[in-house]
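The chain contents come next:
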Amino acid sequence: MRYSFTMNTLVKTGGAWLVSPSLAAVRRMSVAGFATSSSSFSLPNWEGGVSMVQGASRGIGLEFVRQLLENNKKGHVVATCRNPKEATSLINLKNSFSERLFIQKLDVTDETTIEESAESVRERYGSLNLLINATGILSIPGVLQPETTLNKVEKSSLMLAYEVNAVGPILVMKHMWPLLKAGGGNGTERAVAVVANLSARVGSVGDNKLGGWHSYRASKTALNQLTKNVSVELGRRKDPVVCILLHPGTVDTDLSRPFQRNVPEGKLFTKEYSVQKLLHIINNAKKQDNGKFFAWDGQEIPW
C-alpha cells in the first residue's frame, strides 16, 4: 500500500466534508489527505479501489458486496447497514475477507450516522471509488403496502417511501462526495469514480402505462431527479465522478417476493445474475454516462 498526499485536505463546513488547502494540516495527517490535478502530490491510491455498498445486509446489496470481493482480489469494500451486529450474512463474509471488508452502521433515516460513516471511511481509506446506494422499501407488513387505487394512498406511506428511497441516498451522496472526488478512478480500471443509485423502471414517467404503486413510483421518480441534479452539478465542477441510475429488473428478493405472481416467465432474475449485469455497467461507466438511467441489460430507460 502506498500513501501519498496533496496540499489539499478535508475541512468540515456546514456538516459536510469539503476540500480545502492546508499544507500544515497535511503534514499532521496520516490518511486524510486529498489531491487535485494541480498538486505536486498524488491521490491516495488503494490498489483495486475502495467501494461502498449502502444497504448491504441482504438482497441485492449483499450480493454486490460478495461479487465485489470475489471478482476483485485486491479491492476493499465498505458495507453499511442499520444493524451490523445482526447482519449475519455480512459477518460471514467478513470471516472470509477479513482484510478487505469493513462493516459499519449507516441508517439512511438518520443523517448523523451517514456523517459518521463518511468520517470513518475518510480516516480509514481517505477516498472512495464507488458508491452503490442499494437501500429501498416497497412494502412493510402493517405499515406500507403498494397502493392499487388512489383511495388507498396515505400521507405516512408517501413520506416513508420518499425518506428511504430518495432522501436517504441523496444524503449519502452529499457526505461521500468529497471521498469520491478524492478517489476518482485511482486504483481501478475506470477513469472516474461512480455513484450507482438503484432505481426502478416504475420510476420512469415516460414508461408508466399501468399506474398504481403511488408511493414507490413517486419515490423512485424523485430519486431519479435528485441523482440527475447531482450529475449536472458534478459535471459542471468537472469532478472525476459520474452518477448513474440502475434498474436491476425484477429480482428474487424479500422486496419483490410478495409481488412475483404476475412476473412473466424468464423475467424473474436471481440476485447473482442481476448484480453481475449491473456491475458490468458500473465497471464500464465513462464520463459521457453521467446522469443516465440504465436497465440491467445496458439499455437506457426514458425519464
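Residue indices follow the written sequence of each chain, beginning from 1 at its first position. With the structure being a predicted model, the display of local features is reserved for residues of pLDDT at least 70 and the display and counting of side-chain atom pairs for 80 or more, all residues being used for whole-chain, interface and lining totals. The side-chain values count all of the structure's non-hydrogen atoms but skip hydrogen atoms and water molecules.

Focus: the overall build of the protein chain
Test applied: Helix numbers and strand numbers start at the N terminus; a helix is a DSSP run of H or I with at least 4 residues, a strand a run of E with at least 2. Only protein chains enter the calculation, and the probe is 1.4 Å; a residue is then buried if its accessible area is under 20% of its type maximum, exposed if over 50%, and partly exposed in between. Whether two residues are in contact is decided by their heavy atoms: any pair within 4.5 Å suffices. Here the open area of atoms and residues is found with the Shrake-Rupley method and a 1.4 Å probe, where only the protein chains shown may cover a residue.
Looking only at helices and strands, one finds seven helices and 12 strands in the protein chain. Considering the protein chain as a whole, with its 303 residues, one finds that 51% of them fall into the buried category. For the protein chain, restricting intrachain contacts to residue pairs at least 6 apart in sequence, the fraction spanning at least 24 positions comes to 71%. If you sum the accessible surface of the protein chain, you get close to 14,700 Å²; carbon and sulfur atoms cover 51% of it.

Things to note about the confidence of the model for the protein chain
To be explicit about the condition: The pLDDT score gives, residue by residue, the confidence of the prediction method on a 0 to 100 scale.
Averaged over all residues, the pLDDT of the protein chain is 86; the fraction at 70 or higher stands at 82%. Long-range and interchain partners of residues 1-9, a stretch whose pLDDT sits below 50, account for 49 contacts in this model, where long-range means more than four residues apart. When the criterion is pLDDT under 50, residues 19-41 qualifies, and its contacts beyond four places in sequence or with other chains add up to 58 contacts.

Focus on the nonpolar core
The tendency in soluble globular proteins is for nonpolar side chains to be buried as a group. To be explicit about the condition: Only buried residues count toward a nonpolar core. Its members are Ala, Val, Leu, Ile, Met, Phe, Trp, Tyr and Cys residues joined through side-chain atoms within 4.5 Å.
Residues Phe64, Val65, Leu90, Leu101, Ile132, Leu246 and Ile282 are the most contacted members of the largest nonpolar core, which totals 44 residues. By residue number, the principal contributor to this core is helix H2 (residues 59-71), which donates six residues. Ignoring sequence-local partners within four residues, the contact set of Ile132 consists of Met52, Val53, Gln54, Phe64, Leu68, Ala196 and Ile282. By size, the runner-up hydrophobic cluster in this structure holds 30 residues, among which are Val108, Leu128, Leu180 and Val241.

Some words on the environment of Val205
The residue Val205 is located in the loop between strand S8 (193-198) and helix H6 (214-237) in this model. Overall, the relative accessible area of 58% leaves Val205 in the exposed class. Distance in space between the C-alpha atoms of Val205 and Ala218 is 9.2 Å, their sequence separation being 13 residues. The residues contacting Val205, other than those within four sequence positions of it, are Thr221 and Trp303.

Focus: the sheet that holds strand S5 (residues 76-81)
Operational definition: A pair of strands is labelled paired if DSSP reports no fewer than 2 bridges between them. Fitting a line to C-alpha atoms yields each axis, with helices limited to the stretch in contact; the angle taken between N-to-C directions then spans 0 to 180 degrees.
Spatially, S6-S5-S4-S7-S8-S9-S12 is the arrangement adopted by the seven strands of the open sheet, whose pairing is parallel. Edge strands, defined here as strands with exactly one partner in the open sheet, are strand S6 (101-105) and strand S12 (293-295). Put simply, the sheet's adjacent strands are angled 20° from each other on average, direction ignored. Where strand S7 (residues 130-133) and S8 come together, four bridges link them in parallel fashion. When the sheet's bridge partners are listed, Leu131 is paired in S8 with Val195.

Concerning the pattern of salt bridges
Convention followed: The term salt bridge refers to a pairing of a side-chain nitrogen on Lys or Arg with a carboxyl oxygen on Asp or Glu at a separation within 4 Å.
All chains considered together, the criterion is met by 10 salt bridges. Connected through shared salt-bridge partners, Glu63, Arg66 and Glu70 make up one network.

Examining the packing of helix H5 (residues 155-183) against H6
The cut-off we apply is this: For classification purposes, an angle smaller than 35 degrees is called roughly parallel, one larger than 145 roughly antiparallel, one from 65 to 115 roughly perpendicular, and anything else oblique. Handedness of a helix crossing follows the sense of rotation of the near helix relative to the far helix, less than a right angle counterclockwise being left-handed and clockwise being right-handed. In this classification, the charged set is Asp, Glu, Lys and Arg, the nonpolar set is Ala, Val, Leu, Ile, Met, Phe, Trp, Tyr, Cys and Pro, and all remaining amino acids, among them Gly, are polar.
Axis separation between H5 and H6 bottoms out at 7 Å; the angle between their running directions is 20°. As the angle between them shows, H5 and H6 are arranged roughly parallel. In this structure, H5 crosses over H6, and the sense of that crossing is right-handed. Along the contact surface, H5 presents Ser157, Leu158, Ala161, Tyr162, Asn165, Ala166, Pro169, Ile170, Met173 and Trp177, while H6 presents His214, Ser215, Tyr216, Ser219, Lys220, Ala222, Leu223, Leu226, Val230, Leu234 and Arg237. Counted by class, the contact of H5 with H6 contains 14 nonpolar, five polar and two charged residues.

Focus on the side chain of Gln67
Rules: Polar contacts, as used here, are pairs of N or O atoms within 3.5 Å; protein pairs need one atom able to donate a hydrogen and one able to accept it. Residues neighboring in sequence count only if both atoms are side-chain atoms.
With respect to the helices and strands, Gln67 occurs in helix H2. Exposure remark for Gln67: the relative accessible area of 7% places this residue in the buried category. For Gln67, the side chain forms a polar contact with the side chain of Glu63, separated by 2.8 Å.

Digging into H2
For the record, the criterion: Helix span, as expected, comes to 1.5 Å for every residue beyond the first.
Compared with an ideal rise of 1.5 Å per residue, which puts 13 residues at 18 Å, H2 spans 18 Å between its outermost C-alpha atoms and is within 8% of the ideal. Gly59, Ile60, Gly61, Leu62, Glu63, Phe64, Val65, Gln67, Leu68 and Leu69 are the residues of H2 that are buried.

Quick notes on unusual backbone geometry
Even without being a glycine, Trp213 presents a positive backbone phi close to 50°. Mapped onto the secondary structure, Trp213 falls in the loop between S8 and H6. Classification of Trp213 by relative accessible area gives partly exposed; the value is 26%. With a phi close to 60°, Lys238 is a non-glycine residue in the positive phi region.

Remarks on the pairing of S7
In S7, alternate side chains face the same way, and those of Leu130 and Ile132 on one face and Leu131 and Asn133 on the other are all buried. Bridge analysis of strand S4 (residues 50-54) against S7 gives four bridges, and the strand direction is parallel. Bridge pairing in S7 links Gln54 to Asn133.

Some remarks on the packing of aromatic side chains
Rules: Ring geometry is summarised as follows: Phe, Tyr and Trp rings, the Trp one being its six-membered ring, pair when their centres sit within 6.5 Å, and such pairs are stacked at plane angles under 30 degrees, edge-to-face over 60 and tilted between the two.
Applying the stated rule across the entire model yields seven aromatic pairs. Pairing Phe269 with Tyr273 gives two aromatic rings, centres 5.2 Å apart and planes at 55°, and the pair type is tilted. Residue Phe269 is classed as buried on the basis of its relative accessible area of 8%. Among the aromatic side chains, those forming a connected cluster through ring pairs are Trp46, Phe102 and Tyr125.

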